[in-house]
Amino acid sequence: QCIFQYIFIIAIVLLLMNLFIPVILTSFEEQDIINELGINDFALQAMCMVLGFIQIIFTLNNLSITAISREGKNAVVMKYIPVPLYKQFIWKTMPNIIFNSIAIIGTLIVIYINVPQISIWYYIVGVIIAMLLNIINSFLMLIVDLKKPNLDWTTESASVKDNGNKLYQYVTTIIIVMLFSYFTEIFKGINIIISLNLISIILLIILITLNIYIKKNINKLYKK
């Protein structure tokens, strides 16, 4: 249910994106926005908009936010099998990371089809930043589900539909979109290469900090 529904939504979103990108590009050309903002600021804003859009797609993925809840009362078994809890944590995030990667690649392919003149460098950096965002998002959602698991359900679909943790996913998306909006302001007038490298470093620091927190508190996270 989680996987096929998400793939279907990704396909619909990418089809709509493929239809609207030419319209948006035509609008930019008519209003001469690129010359008005300058190539560096325009490229930064375009990159942040795409990354914000990808984060919104991530919100539609329920694989991490319900990873523990879907186990139901059998989730307690995880604490007794001979596999370190941190390794189990990583395994639980992998489906979310893999299917979010499909959304990332699909988005970049659609952009490439419509704007083939964009340098390959932007795609490489875009994938790196989007994957950092993907892993951070997957880790955060699994932490939320560990802290507030919905283990008392009668049907597996109820573990997804009746999961109140979805609100945290929406809040996370709003914060991340606002963060990228803030990046467009603080890096205005700065070379695009420097700007994107700094954004990558900031996200990498967030990921490393998050990973350290998980390792240090892994037993507490699995307490419930």
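In case you missed it, the structure is sitting above this.
Let me begin by describing the structure that accompanies this report. (Residues numbered from 1 in each chain as written. Predicted model: local features only at pLDDT ≥ 70, side-chain atom pairs only at ≥ 80, totals over all residues. Heavy atoms only, no water.)

**Quick word on helix α8 (residues 192–216)**
Stage number 1. Look at α8: 36 Å from first C-alpha to last across 25 residues, which is about the 36 Å you get at 1.5 Å a residue.
Stage number 2. Residues I192, S195, L196, I199, S200, L203, L207, L210, N211 and I214 constitute the buried set of α8.
Stage number 3. You can read the cap of α8 off the contacts: a side-chain oxygen lies 2.9 Å from the backbone nitrogen of I193, and it is on N191. (Helix = DSSP H or I, 4+ residues; strand = E, 2+ residues; numbered from the N terminus. Expected span 1.5 Å × (residues − 1). Buried < 20%, exposed > 50% of the residue type's maximum accessible area, 1.4 Å probe, protein only. Polar contact = N/O pair within 3.5 Å; in protein donor to acceptor, adjacent residues only side chain to side chain.)

**Some points on the packing of helix α5 (residues 120–147) against helix α7 (residues 166–186)**
Stage number 1. Contact pair α5 / α7: the axes reach a minimum separation of 11 Å and the direction vectors enclose 150°. Between α5 and α7, the angle falls in the class roughly antiparallel. The two elements α5 and α7 meet at a crossing, and its hand is right-handed. In this structure, α5 uses I129, L133, N137, L140, M141 and V144 to contact α7, whose residues at the interface are Y168, Q169, T172, I176 and F180.
Stage number 2. Considered class by class, the residues forming the contact of α5 with α7 number 8 nonpolar, 3 polar and no charged. (Axes fitted to C-alpha atoms, helices over the stretch in contact; angles between N-to-C directions. Parallel < 35°, antiparallel > 145°, perpendicular 65-115°, else oblique. Left-handed = near helix turned anticlockwise from the far one by under 90°. Contact = heavy atoms within 4.5 Å. Nonpolar A, V, L, I, M, F, W, Y, C, P; charged D, E, K, R; others polar.)

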